[in-house]
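# Working through the structure, step by step
Here's the letter readout for the chains.
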Amino acid sequence: MERFIFFIDKFTAWFGKAFAWLILVMTFGVGYEVFVRYVLRDPTPWAFDVSYMGYGALFMMAGAYALSRDSHVRGDFLYRLWKPQTQAKVELVLYLIFFFPAVLALIFSGWRYASRSWRYLEVSVMSPANIPVFQFKTIIIAAGLLLFIQGLAQVCRCILCMRTGVWPKHLEDVEELEQVLLREYERNELRHYSEAVDVVTPRENDADADNRTRTDGDRP
């Protein structure tokens with residue numbers, strides 16, 4: 001079961017990281033638009049379409065990747081106080097009742113939405129460039145399928161946790177800089193903990209030596 005989980009994690013991570021390159025496309029598009037609009041006084045008719053389609057594709061296709069890394073927003077003020085097995089049971093029920101029905105609704109609705117767009121080769125009405133958007137709407141289906149597949153892996157995680165009492169580890173991946181700095185800070189605190197204790201609370205041997213010194217010094 002762990003092999004299945006890791007295979008799905010790698011599969012969805014590949015799509016998430018591949019679509020992450022759209023950030024460069026959006027950066028170039030917006031930067032170029034700012035230059036030609038305010039320097040050359042000749043704005044482009046396509047920059048806005050590129051921006052919202054690129055961001056939309058990145059947001060949807062990275063959803064399964066974020067789910068595999070447990071990166072979605074979670075209201076865990078109660079959740080984090082539970083035992084892992086209790087967490088797994090609650091998550092399993094929520095996946096079956098809410099997650100999978102919602103994802104299936106996304107897939108079927110997206111299929112009707114995209115197929116209608118493909119029939120008349122829909123173009124964008126947001127700008128005069130008439131950029132095709134029917135291929136962009138197909139991403140709705142792809143994102144739903146990735147979420148469904150990743151949901152299966154998450155269910156397997158819940159089952160393993162209920163059996164063992166421990167959540168399966170996630171694959172090592174990139175982390176936010178603040179998390180790396182926090183871990184470094186905690187590591188440094190643990191490394192210097194004994195030295196800090198010695199400074200605040202003198203060791204018994206040192207205290208005895210000080211007492212002997214004071215006693216000897218008081219003698220005539």
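Residues numbered from 1 in each chain as written. Predicted model: local features only at pLDDT ≥ 70, side-chain atom pairs only at ≥ 80, totals over all residues. Heavy atoms only, no water.

Secondary-structure assignment places Ser117 in helix 5 (residues 84–119). Non-local contacts of Ser117, meaning those with residues more than four positions away in its chain, are made with Glu122, Val133, Phe134 and Lys137. (Helix = DSSP H or I, 4+ residues; strand = E, 2+ residues; numbered from the N terminus. Contact = heavy atoms within 4.5 Å.)

Here the structure, examined in full by the defined rule, presents four salt bridges. With a closest N to O distance of 2.4 Å, Arg157 and Asp9 form a salt bridge. Here the residue Arg157 occupies a position in helix 6 (residues 134–164), and Asp9 occupies one in helix 1 (residues 2–19), the gap between them amounting to 148 residues. Both residues of the pair, Arg157 and Asp9, belong to the buried class. We note a salt bridge from Lys137 to Glu122, for which the minimum N-O separation is 2.6 Å. Note that Lys137 is positioned in helix 6 and Glu122 in the loop between helix 5 and helix 6, a separation of 15 residues in sequence. The exposure class assigned to Glu122 is buried, which follows from its relative accessible area of 16%. (Salt bridge = Lys/Arg side-chain N within 4 Å of Asp/Glu carboxyl O. Buried < 20%, exposed > 50% of the residue type's maximum accessible area, 1.4 Å probe, protein only.)

Quick look at the packing of aromatic side chains now. The final tally for this structure, using the stated rule, is twelve aromatic pairs. Consider the rings of Tyr32 and Trp46, whose centres lie 5.9 Å apart with planes at 15°: the pair is stacked. Taken together, the positions of Tyr32 in helix 2 (residues 22–38) and Trp46 in the loop between helix 2 and helix 3 (47–61) put the pair 14 residues apart, joining distant regions of the chain. Relative accessible area serves as the criterion here: at 36%, Tyr32 is assigned to the partly exposed category. On the basis of relative accessibility, which here comes to 29%, the residue Trp46 falls in the partly exposed class. (Phe/Tyr/Trp six-rings, centres within 6.5 Å; stacked < 30°, edge-to-face > 60°.)

Another point: the packing of helix 3 against helix 6. Direction vectors running N to C along helix 3 and helix 6 enclose 15°, while the axes themselves pass 9 Å from each other. On the basis of the axis angle, helix 3 is roughly parallel to helix 6. Between helix 3 and helix 6 lies a crossing of left-handed hand. Residues Tyr52, Met53, Gly56, Ala57, Met60 and Met61 of helix 3 lie in contact with helix 6, whose contacting residues are Phe136, Ile139, Ile140, Ala142, Ala143 and Leu146. Tallied by class, the residues present in the contact of helix 3 with helix 6 amount to eleven nonpolar, one polar and no charged. (Axes fitted to C-alpha atoms, helices over the stretch in contact; angles between N-to-C directions. Parallel < 35°, antiparallel > 145°, perpendicular 65-115°, else oblique. Left-handed = near helix turned anticlockwise from the far one by under 90°. Nonpolar A, V, L, I, M, F, W, Y, C, P; charged D, E, K, R; others polar.)

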